[in-house]
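Structural features, examined
Residues per chain, in single letters:
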Amino acid sequence: MKGILKKISQINFGLLSPEDIRKMSVTKIVTPDTYDEDGYPIEAGLMDPRLGVIDPGLRCRSCGSKGGDCQGHFGHINLARPVIHVGFADTIHKILRSTCTKCGRVLLTESEIIDYKDKLESKLQNQESITTIIKEIYTVARRDKCPHCDEEKEEIKIDKPISIVEGNYKLTSSEVRERLERIQEQDYLFVGVNPEVAKPEWMVLTVLPVPPVTVRPSITLETGERSEDDLTHKLVDILRINQRLKENMEAGAPQLIVEDLWELLQYHVTTYFDNEASGVPPARHRSGRPLKTLAQRLKGKEGRFRSNLSGKRVNFSARTVISPDPNISINEVGVPKMIATEVTVPVYVTKWNIEQMKEHIQTGPKEHPGANYVIRPDQRKIRVYDETKEAIIEKLEPGYIVERHLKDGDIVLFNRQPSLHRMSMMAHEVKVLPYKTFRLNLCVCPPYNADFDGDEMNMHVFQTEESRAEAKSLMRVQEHILSPRFGGPIIGGIHDHISGAYLLTRLGSDFKEEDVLQMLKKSNIPFPERQKGDSWTGKEIFSLLLPESLNMVYKAEICRKCDECLRQECKNDAYVVIESGQLKTGAIDERAYGAFSGKILDSIVKDYGTDKAREFLDSATKLAISGIMKRGFTTSTADEEIPREAKDRIEELLSKSESRVEQLIDAFHNDELESLPGRSLRETLEMKIMQVLGEARDKSGEIAESYFGMDNHAVIMALTGARGSMLNLTQIAACVGQQSVRGGRIERGYSNRTLPHFQVGELGAKASGFVHSSYKKGLDPLEFFFHAMGGREGLVDTAIRTAQSGYMQRRLVNALQDLSVQPDGTVMDNRGIVIQTKYGEDGVDPAKSDYGKVADIDRLIDEMRIKSKVGK
Amino acid sequence: MKNDILKHKLVPDHTILSKTEMNKVLKQLNIHQEQLPKIKSDDPVVKDIGAKPGDILKITRKSHTAGKFVTYRLVLE
């Protein structure tokens, strides 16, 4: 079949038998010492040269290969007495519990044996998991009498982590091993042991494999002192106790002493495998630091799997804090000089660039456009030093590779975690800048979800021409202005870009020609050929950015959604009409070129290409910023100030609403309330109160709003979509409103009341978290408390939501990662299996669609209508 | 009493392709028939229309994005 490379047919897991361990061992280890006085490794010690070599000069005594090529060889320690392997203590306990002490048979009746045998064999035949059946056997086979030899069985318990206790007697490891040996091979399957690869008694160790020195290399400190690996330390402990135990046994020492030493040996072997086993005090280094033994090497986030196999560190990358730079293009990234002199680009030397490369080497590794390394045609890498650069230049010829510093115009990959969508990694052009932060254009904050409160980002430098070419055509920022999520722009103006453009283009904003030329110059917009008289409207200035053939109509963000639309005559200037690239009516706001909703930007990308869109965005944002700087823009709580009269009106409204709530409660108590269909009386009351209080907040907001004008900066920001919402403003100015926990009014706290300040069973507005004050006026202590309750719920919810959606996304990504769209539009996975005969069933790329649809017919009609009108 | 499942509004239209149609579809998609999505022979619709393992079914269903969508499935044993 197409695409299938190799198929793994089977993986077997088994236990190492003592014979296996001896067979793979190159030497028996006896002495706990590592090196002699002269610093040479001792034979039969833990650093025995037959275990492999690390130093590049030496040859391995076992395989003869040089250091680095030899992957090392195992040794072994013969344990004086058997010890239980921690990892199998649980299994050993379960097996002993399910087998007879005397005859060693599994504690199942003959009929059960036949029954389970059938079940297990059919599962194995189908290559299905047998764990559920084995679990069942472990519970069924807990009998107090052996069905085979009628032997009484005592309860066997496990004293975590490794002691097996029968009745009141603690079994020694030897006894455990003897019992496991007694189990017959025909019964292995029932206790969950595969007879082909393991025997139960192998779970009790008699021989311990000693990993090669390459697994536990010793470090030589600057002082010349040797520092051994944690594993070596642990093995020394094991050997020492093993030695003592053997000597004592041979000398016929009292049973008590032997048992003590045996226990100690068990402890050391246990911590050698897992130093975090519960119930075992962790073995510590002399400094008091717990040792990092085998299990700790593999486990967890910093373990071998998650940090060395699933994820790796890479070269040619950099990470630092980000800060904004409105003067660079969206395609660019400001790279600190310090980083630019450290990460490099390999350049093949040719006869055309050899002079330039020589210049780079001449500049040296310390100055900016220099070079750090030169790779000779024989692949030798030579570091460029100020002392050696002359000699290197002398030898430089086509065929060499020069690793030169990053310079302006290089393509790099820029990324911010969490990398949730493809716009989290985009290709930028380098611009080397002073200081120590990465600089990025503000328009690319939304796709990265970046801000500048200390965020850091990563940069990766491409190392091959292919990757650079691919990145430039597929990953560049301008190719990602439109998001495949909703078919609209995700890169676009934010915050001041929006308010700036609104202030520039709204009705009645006029500029002197001198100011206009200043703004145009700042924004890199070519001066218009035809200079007009003295006064320019903002709309005329903005029109200079628009392509000449652009026609469009849309409703701006500031649209108040009047009952009857006055279209061109809109008094809010919210009906935007662009004819032949001239902004006729309407103000520019978020719906024009904001991230997530910019209609003009969307149109330019789709009709004029990404190059034009980048130019438009770069110039438009700069124009908006220079426009906003002409008049200044600021906000404070003074913006939310409302006159006395308004406050009185709000107060009146709220007290009216609160008395209405009281009426409802009275009606409820007097059984005069009629319940809504499907609701209890109490629920009805609750809904009605919520409705009344909700209205109260909205109405109070409306009152406050009626006193706000379009000369108020906070209002400009809220209505144009730059930042904040009208609700935010009314909460500051008029009334914060009902606080909620779990979607309803607050009911928790004391029994039948929220706080001791209220009557038991009180249902009023104030008693269940209605905040009557505004933020500006200030909350009273009770209101403050309820507000904190609601606020905490919001916080907890977002934390849980991100965790949940993150896990969901991870699973989705893992399931879909190998799917790809073929040139003919079919979707296939990596084996060539068809998933869909046409992508999305309609073959539409959402990034190139009109907000998810193939085409927005209404938009097209509107455009054509204008075009025909202009044509006449 | 058994209802005719083929008439249920949630069951899309299944038809068995003839040999020539099968080859045409596979050629058009440039794939081997094993690469197609599968349907089990004990699927109620497959049993109802009497398709045999190795047949390819043409399934015409409603689609949110395209209105009407045609896909194919290989009947497994």
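The structure under discussion appears in the preceding block.
Anyway, here's the lowdown on the structure attached to this text.

What counts as what
Residues numbered from 1 in each chain as written. Chains lettered and ligands numbered in written order. Predicted model: local features only at pLDDT ≥ 70, side-chain atom pairs only at ≥ 80, totals over all residues. Heavy atoms only, no water. Helix = DSSP H or I, 4+ residues; strand = E, 2+ residues; numbered from the N terminus. Buried < 20%, exposed > 50% of the residue type's maximum accessible area, 1.4 Å probe, protein only. Contact = heavy atoms within 4.5 Å. Phe/Tyr/Trp six-rings, centres within 6.5 Å; stacked < 30°, edge-to-face > 60°. Lys NZ or Arg CZ within 6 Å of the ring centre and 35° of its normal. Patch = residues over 30% accessible without salt bridge, like charges linked within 9 Å, V, L, I, M, F, W, Y side chains within 5 Å. Areas by Shrake-Rupley, 256 points an atom, 1.4 Å probe, with all protein chains shown as cover. Salt bridge = Lys/Arg side-chain N within 4 Å of Asp/Glu carboxyl O. Pairing = 2+ DSSP bridges.

Okay, the overall build of chain B next. Assigned secondary structure in chain B consists of two helices and four strands. Traced from its N-terminal end to its C-terminal end, chain B shows the element sequence β-α-β-α-β-β. With the C-alpha coordinates aligned to their principal axes, the bounding extent of chain B is approximately 45 × 30 × 20 Å. Across the 77 residues in chain B, those meeting the buried criterion constitute 32%. Considering only contacts in chain B between residues 6 or more positions apart, those separated by 24 or more positions represent 55%.

All names here are of chain A. Counted by the stated rule, this structure contains eight aromatic pairs over all chains. Judged by centre distance (5.3 Å) and plane angle (85 degrees), the ring pair of Phe414 and Phe438 falls under edge-to-face. In this pair, Phe414 is assigned in strand E14 (residues 411-415) and Phe438 in strand E16 (residues 438-440), connecting sequence segments 24 residues apart. Note on accessibility: Phe414 and Phe438 belong to one class, buried. Taken together, Phe414, Phe438 and Tyr448 form an aromatic cluster joined through their ring pairs. The ring of Trp262 carries the charged tip of Arg81 above its face, separated from the ring centre by 4.8 Å.

Residue and element names in this part refer to chain A. The grouping of Ile857, Leu860, Ile861 and Met864 at the surface amounts to a nonpolar patch, some 370 Å² of accessible area in total. For Ile857, the position within the fold is in helix H26 (residues 857-871). Since its relative accessible area comes to 51%, Ile857 is described here as exposed.

All names here are of chain A. Judged by how many residues are buried, strand E9 (residues 332-336) sits mostly within the fold: five of five residues are covered. Of the two faces of E9, the one lined by Glu332, Gly334 and Pro336 and the one lined by Val333 and Val335 are each fully buried. Direction of pairing for E9 relative to strand E15 (residues 425-433): parallel, over a ladder of five bridges. Pairing of Gly334 across the sheet is with Lys431, part of E15. In this sheet, E16 lies alongside E9 in antiparallel orientation, the contact comprising two bridges. Of the residues in E16, the one forming a bridge with Gly334 is Arg439.

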